[in-house]
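# Geometric and topological summary
Spelled out from the first residue to the last, the chains are:
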Amino acid sequence: MKNTFLFLTLLCCLPSLWGQDLKISGTVKDASFNEPLPGVNVIIKNTSRGTTTDFDGNFSLDNVAVGEIVVFSYLGFVSKQVTIQNATPLTIILEDDVSALEEVVVVGYGTSTKKELTGAVAVIGSETIADLNPTRVEQALQGQVAGVQVTSESGSPGSGSSIRIRGISTNGDNRPLILVDGNVIEDLSVINPGDIESMNILKDATAGIYGVRAANGVILITTKTGKRNTDLSFNYDVYGGTQETSRKIPVLNATEYALLINEAFAAGGSPLPYPNIDNLGKGTNWQNEVFQRAPVVNHNLSINGGSEKSTYSFGASLLTQDGIVGGGKANFRRYTTRANFNTDILENLKVTANLLYTGTNRKTLSENDLGSVLFNALNNAPTFPIREPNGDYSLAEGLGNEVINPLAQVENTFNKNDVNKISGKLGANYSFWNDFVVETSVQFNYAEVEGKTFTPTVFYGSGKVFNNTGRNSVSVNKDIFKDYTFDAFLNYDRTFWENHNFKGTLGMSVFVTKGQFSGSSTGFFEDPTNISDAKIENAVDVINGLKDSGLSGKFDERLLSYFTRLQYNYKGRYLLSGLIRRDGSTRFGPENRFGYFPSGSIGWIVSDEAFLEESKWINFFKLRGSYGIVGNDRIKTNAFRSILDGEGTYVFNNSLVFGKAVGILSNPAIQWEEQKTLDVGLDLKLFNNTIDITADYFKKSTESLLLQPPVSGILGAAAPGSQAPVVNAGTVDNKGFEFAIGYSSDRSKEFNFGVNYNVTFLKNEVISVNNGVGFVAAGSFGVGQDPPSRMENGKPLGYFYGLKTDGIFQNQEEVNTHATQVNAAPGDLRFVDLNGDGKIDSGDRTDIGSPIPEATMGLNFSFNYRNWDFSSYAFANVGNDIVRNYERNQQLVNKSVYALNRWTGEGSTNTYPRVTTGATSNTLFSDFYVEDGSFIRLQNVQLGYTLPEQAIERLGVRKLRVYASASNVFSLTEYRGYDPSASSGDPIGAGIDPGFYPVPRTYLLGLNLKF
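Take the overall build of the protein next. Along its length, the protein carries 11 helices and 53 strands. Here the protein has a C-alpha radius of gyration of 33 Å; the compact-globule value for 1011 residues is 30 Å, and the two agree. In terms of overall dimensions, the protein has a C-alpha envelope of 125 × 70 × 65 Å along the principal axes. When each of the 1011 residues of the protein is scored for burial, the buried share is 48%. Within the protein, residue pairs in contact and separated by at least 24 positions form 69% of the contacts whose partners lie at least 6 positions apart. As displayed, the protein has an accessible area near 45,900 Å², and 55% of this comes from carbon and sulfur atoms. Taken as two groups, the 87 positive and 106 negative side-chain charges of the protein have centres that lie 4 Å from each other.

On to the pattern of salt bridges, then. Under the defined criterion, the tally for this structure stands at 40 salt bridges. Ionic pairing is found between Lys-676 and Glu-703, a salt bridge with its closest N-O pair at 3.4 Å. Taken together, the residues Lys-676 in strand S34 (residues 673-686) and Glu-703 in strand S35 (residues 691-703) connect sequence positions 27 residues apart. Assessed through its relative accessible area of 25%, Glu-703 is described here as partly exposed.

Vacant regions in the atomic arrangement are exposed by a probe of water-molecule size rolled over the atoms. Applying the stated criterion to the full structure yields seven cavities of 30 Å³ or more. Taken as a whole, the largest cavity encloses approximately 480 Å³ of empty space. As for the largest cavity, its lining consists of 32 residues, and the residues nearest its centre are Thr-135, Gln-139, Gln-939, Ser-967 and Val-999. Breaking the lining of the largest cavity down by element, the ones donating at least two residues are strand S11 (148-152), strand S17 (230-244), strand S50 (935-946), strand S51 (959-973) and strand S53 (1001-1010). A per-class count over the lining of the largest cavity returns 11 nonpolar, 19 polar and two charged.

Moving on: the sheet that holds strand S1 (residues 21-30). As summarised here, the arrangement of the three strands in space is S4-S1-S7, forming an open sheet in which the pairing is mixed. Looking at strand neighbours, the two that pair on one side only are strand S4 (58-65) and strand S7 (90-94), the edges of this open sheet. Each neighbouring strand pair of the sheet contributes to a mean axis angle of 35°, computed without reference to strand direction. Where S1 meets S4, six bridges bridge the pair, whose relative direction is antiparallel.

A word on the side chain of Ser-159. Considering the arrangement of structural elements, one finds Ser-159 in the loop between S11 and strand S12 (161-165). Taking relative accessible area as the criterion, Ser-159 reaches 9% and is therefore assigned buried. At a separation of 2.7 Å, a polar atom in the side chain of Ser-159 contacts the main-chain carbonyl oxygen of Ser-156. In this view, Ser-159 contacts Arg-136, Ser-154 and Arg-362; residues no more than four positions away in its chain are not counted.

Within the largest apolar cluster, 60 residues are counted, with the highest numbers of intra-cluster contacts made by Tyr-257, Val-325 and Leu-399. With six residues, the single largest contributor to this core is helix H4 (residues 254-267). Excluding its chain neighbours within four sequence positions, the residues that come into contact with Tyr-257 are Leu-252, Tyr-274, Ala-381, Pro-382, Thr-383, Leu-399, Leu-892, Val-893 and Asn-894.

Structurally, the α-helix is built with 3.6 residues per turn, so residues lying three or four positions apart point the same way. For H4, spanning 14 residues, the distance from its first C-alpha to its last is 20 Å, which sits close to the expected 20 Å at 1.5 Å a residue. Within H4, the full set of buried residues consists of Ala-254, Tyr-257, Ala-258, Leu-260, Ile-261, Asn-262, Ala-264 and Phe-265. With a side-chain oxygen positioned 3.1 Å from the backbone nitrogen of Thr-255, the residue opening H4 is Asn-253. A positive phi of about 75° marks Gly-269, the residue just after H4.

Take the packing of aromatic side chains next. Geometry of an aromatic ring pair is reported as the spacing of the ring centres plus the angle between the planes. Taken as a whole, this structure holds 38 aromatic pairs when the rule is applied. Note on Phe-861 and Phe-863: the rings are 6.2 Å apart at their centroids and 55° apart in plane angle, and the pair reads as tilted. A residue is classified by how much of its surface remains accessible, and Phe-861, at 33% relative accessible area, is partly exposed. Exposure remark for Phe-863: the relative accessible area of 24% places this residue in the partly exposed category. Consider the rings of Tyr-873 and Phe-875, whose centres lie 6.4 Å apart with planes at 25°: the pair is stacked. The rings of Tyr-743, Phe-751, Phe-753, Phe-861, Phe-863 and Phe-870 are connected pair by pair, giving a single aromatic cluster. Positioned above the aromatic ring of Phe-594 is the side chain of Arg-582, whose terminal nitrogen or guanidinium carbon lies 4.0 Å from the ring centre.

With 92% of its residues at a pLDDT of 70 or more, the protein shows a mean pLDDT of 88. Confidence over residues 1-19 falls short of pLDDT 50; this stretch has three contacts with residues more than four positions distant or in other chains.

Turning our attention to the side chain of Glu-931. Position of Glu-931 among the secondary structure elements: in strand S49 (residues 930-932). The buried category is assigned to Glu-931, whose relative accessible area is 8%. Here Arg-976 takes part through its side chain, which lies 2.9 Å from a polar atom of the side chain of Glu-931. Not counting residues up to four positions away in its chain, the partners in contact with Glu-931 are Asn-880, Asp-881, Ile-882, Arg-884, Glu-974, Tyr-975 and Arg-976.

What follows covers the sheet that holds strand S10 (residues 121-125). Spatial ordering of the open sheet is given by S10-S15-S16-S13-S14, a layout of five strands whose pairing is mixed. Strands with a single pairing partner mark the edges of an open sheet, and in this sheet they are S10 and strand S14 (183-184). Sheet topology places strand S15 (residues 196-202) next to strand S16 (residues 218-223); six bridges connect them, and they run antiparallel. Its bridge partner lying in S16, Ser-198 is registered against Thr-222.

Our focus in this paragraph is the environment of Leu-188. One can find Leu-188 in the loop between S14 and S15. Between the C-alpha atoms of Leu-188 and Arg-136, which are 52 residues apart in sequence, the distance is 7.0 Å. Residues contacting Leu-188, with those up to four places away along its chain left out, are Arg-136, Val-137, Glu-138, Ile-163, Ile-178 and Ile-221.

Turning to the pairing of S17, a few remarks are in order. The pairing of S17 with strand S18 (residues 294-306) spans 12 bridges and is antiparallel. Paired with Ser-233 across the two strands is Asn-304, which belongs to S18. Sheet analysis places S17 next to S53, joined by 10 bridges and oriented antiparallel. Paired with Tyr-239 across the two strands is Gly-1006, which belongs to S53.

A cluster of nonpolar side chains, Tyr-627, Leu-678, Val-680, Tyr-697, Phe-737 and Phe-761, forms an exposed patch at the surface whose accessible area comes to about 540 Å². Tracing the chain through its elements places Tyr-627 in strand S31 (residues 618-632).

Next up on the list: unusual backbone geometry. One non-glycine residue, Trp-497, lies in positive phi territory at about 50°. Examined against the element boundaries, Trp-497 turns out to sit in the loop between strand S24 (472-496) and strand S25 (500-516). Despite not being glycine, Asn-823 shows a phi value in the positive range, around 60°. Topologically, Asn-823 is positioned in the loop between helix H10 (812-817) and strand S44 (829-831). The exposure class of Asn-823 is partly exposed, given its relative accessible area of 43%.

Parameters at a glance
Each chain has its residues counted from 1, running along the sequence as written. For a predicted model such as this one, the threshold for reporting local features is a pLDDT of at least 70, and the threshold for listing and counting side-chain atom pairs is 80 or more; totals across whole chains, interfaces and linings nevertheless cover every residue. Here the side-chain values reflect all heavy atoms present in the structure, with hydrogen atoms and water set aside. Working definition: helices are DSSP H or I runs of at least four residues, strands are E runs of at least two. Numbering for both runs from the N terminus. Taken over C-alpha atoms, the radius of gyration is set against a globule rule of 2.2 Å times the number of residues to the power 0.38. Note on classification: 1.4 Å probe, protein chains only; a residue is buried when its accessible area is under 20% of the maximum for its type, exposed when over 50%, partly exposed between these limits. We call two residues contacting when some pair of their heavy atoms lies within 4.5 Å. In these tables, accessible area is a Shrake-Rupley quantity obtained with a 1.4 Å probe, and a residue counts as shielded only by the protein chains included in the view. In this count, Lys and Arg are taken as positive residues and Asp and Glu as negative ones, while His and the chain termini are left out. Every charge is mapped onto a representative atom, which is NZ of Lys, CZ of Arg, CG of Asp or CD of Glu. Take a side-chain nitrogen of Lys or Arg and a carboxyl oxygen of Asp or Glu: if they are within 4 Å of each other, that pair is a salt bridge. Here a cavity is any set of points on a 1 Å grid over the protein atoms alone where a 1.4 Å probe fits but cannot get out, and a pocket is any open set with protein on both sides within 12 Å along at least 5 of 7 lines; a residue lines the site when it has an atom within 4 Å of a point. Grid points are joined across faces, edges and corners, and a volume is the space filled by probe spheres set on the points. Polar here means any residue outside two lists: the nonpolar Ala, Val, Leu, Ile, Met, Phe, Trp, Tyr, Cys and Pro, and the charged Asp, Glu, Lys and Arg; Gly therefore counts as polar. When DSSP locates at least two bridges between a pair of strands, those strands are taken to pair. Note on geometry: axes are C-alpha line fits, over the in-contact stretch for helices, and angles between N-to-C directions span 0 to 180 degrees. Polar contacts here mean pairs of N or O atoms no more than 3.5 Å apart (in protein, one a potential hydrogen donor and the other a potential acceptor; neighbouring residues in sequence count only if both atoms are side-chain atoms). To qualify as a nonpolar core, a set must consist of buried Ala, Val, Leu, Ile, Met, Phe, Trp, Tyr and Cys residues joined through side-chain atoms within 4.5 Å. A helix is expected to span 1.5 Å for every residue after the first. Only rings of Phe, Tyr and Trp enter the pairing, Trp through its six-membered ring, and a pair is recorded when the two centres are within 6.5 Å. The plane angle decides the type: under 30 degrees is stacked, over 60 is edge-to-face, the rest tilted. As a reminder, the over-ring test applies to NZ of lysine and CZ of arginine, requiring each to be within 6 Å of the ring centre and within 35 degrees of the ring normal. Values of pLDDT, which run from 0 to 100, indicate the predictor's confidence residue by residue. Patch definition: residues above 30% relative accessible area lacking any salt bridge, with like charges linked at up to 9 Å and the nonpolar side chains Val, Leu, Ile, Met, Phe, Trp and Tyr linked at up to 5 Å.

What follows is the structure, encoded as structure tokens:
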């Protein structure tokens, strides 16, 4: 009876207990750093009652009923719901919402959500950059984004890379426009990759909002900044490691070399140079002597924070890198300092300011050319010692005029190049009448570039072109570059009748770039000295190159632009955007200085339609398309007018006087290059957003390319220093397909992984070259041969033009029955008589390869297990060719081991020709020197471990992560040169390998510290 009474009493009281109002309180923290989150919305679900957390992340809320649900939400974090049971203080942990952060994308003069984008835009976040640890920003793009190809111009410290977005569009400058926090940056070496928050790549016509410099695409870089209402925090990242060459080219040792040289001299009817080879052994391996392990160390410190109205960020970094060739003689040092500050002066007036200082010091060795250090290491004879018995470096006698002792070359190379650059931006944002925002900014870049080269007296051997038997000399130059940009634009954003949203942008932009080239001043010294002591003011004689040439060295160029953009969407489902920009450039004559460039794009979010709203596997589906015209003014300066930079000879008082004459003949009628771009794409998210797919078809047609036609010498184009005029006379097409797919899965709180793959198929074709001869030739091969690359109708831009081979002559009968081939004999390459005229000559040359890959792709994989993290990525090029041009065709130079498979008699081989000192046609440019440049490279592997919070909290540290990584791990390729990923970057002449300095393999240990 007693128990029954108690049960009935509790049952009667339960409704009153359930309806009891409570005062709840607690703290909200972020999961990553366990730090308080100020400004978090704390709202009772389905009501307007709530509050926000204070500066310390604390909150309190009255009159909350037991059983009510409280929602905690904050931008960039996953919202959390808690059912209230009692008044016990709450500790709420909010997880980062990575997908929400990625939704905000920086686009032209503003931001957008990925959902509303109608253009082809790719995003790379700071996490990806951190995984790669690149020394230069370009390396973070390699293999990461469909449609973006990055090729290294050299692996030496501080060297750059070529970035191509959706192919090579012009025979001129193909660089994309790069903006860092809205500021134009031409050289990415001045940016510390650790300062980057995100990189957005605009690939289609919507990039036209940035005008003429955007014809080759746009890369928008946003640097890190603080967050509002956050305490001061410090991030310190450091890594250090060692570099080594990823490959050595196998060449003959001393004994093998002597045998082949003897065979060649015997075949040429000459005495044997090595009658006794018994004691030669392996001799000197010059590559082993030249290559070395080299250190690389990077420090990066950043400070971030913010108050209720302001945010601030400061960063500083120092990178030091030695070369795998030459060590400290090829050192690169970069130090950067960055400051960002944003504040709300008034509720509707915001001011932003950023400042970036970069200093670089670089020492270089001769590379990527005839006579470079690696060229000499490959071609120098293994029978020569490094030094003679008296201690002097050995002389490379008998190996032609260019091949010298590479170690002597390194020791006698003295130079340095210093760059000091400061960039800044000051901007204001004022909103009024609810729907209008006006923004204005002033940006500037100022750079001083100082170079110094000391050339000592040195003797490398008889007849060497690098000998200096006169006096010591020092050459110095100092160039100044400065530019200013003023942008002002008005944005309008309003929704009518609930479903119709209109956005408008109206603005103008002024860009001024000017500077001063000092030219090279050279001073000569009688006494031996060194680079530190050699000063122009102490020189015996001084030559001022710029003064003697009669040129001022000054330049001043300007752009003036007006633009407008209109955007409309209905219910956030049907998207429409259109823009037009009027650009004026001083690089064109007065009659053609201005051009109008329109573009438009549309989008349809199919997944918002009723027939897909209930789909269980399609979470997001968008179709989009764009078309537009973008101008390009990246042409030679002053091409529309004549400049006195040629050489002239005049008669005064019956004497010859040497002076200046017109250089490039003027053409005031030249017009803009125009790029017409079409893009059709789709974006898909499937299976609870675990699969992300993007696909695009694109076509770019660049018209009115600027070329130089052949003209009559009567007009003066054949005079020394003069050139033909520049005319609009070419068209190039790029079309292709991009596809990217990614999968990410959170299997549990302890384990998640992701994998991403992208591929781009590209076809490049020259449609017309109307310069009178139908082609433009460029590039170089060997010594004294015609340019091996061409731009020609119906071919890829820069394709290889040479003779085609058909095996090797096996006997004299084959020689006799073949078309006439000069000096042909059994064992020589057999060229194809393509025109059927019975003789082998220049008329038989044809297309023998292309440096442009048919497909590029990248693959990324990562996972996290508890405190462990792992990431790796690979990239590949397929279908491109490379010309082997690092072998000097002289009688006594060394050869690759493939020469051991030479023709030695009938039936011995049909691949590698005989060796001989006699005259042959084997050295003519042909497909014998063209190799498949396809490759796949495992570019980066990284393993990291984050120490548990309980292990570091006593130290006052929020996060401590250690990691090990390796880059350029291995490459799978049939190419025999140093590096299949390297290229000169020239539109016509790329893919010709003179012995490219290989990108080093790097092993790193690193530390990420947050406190």
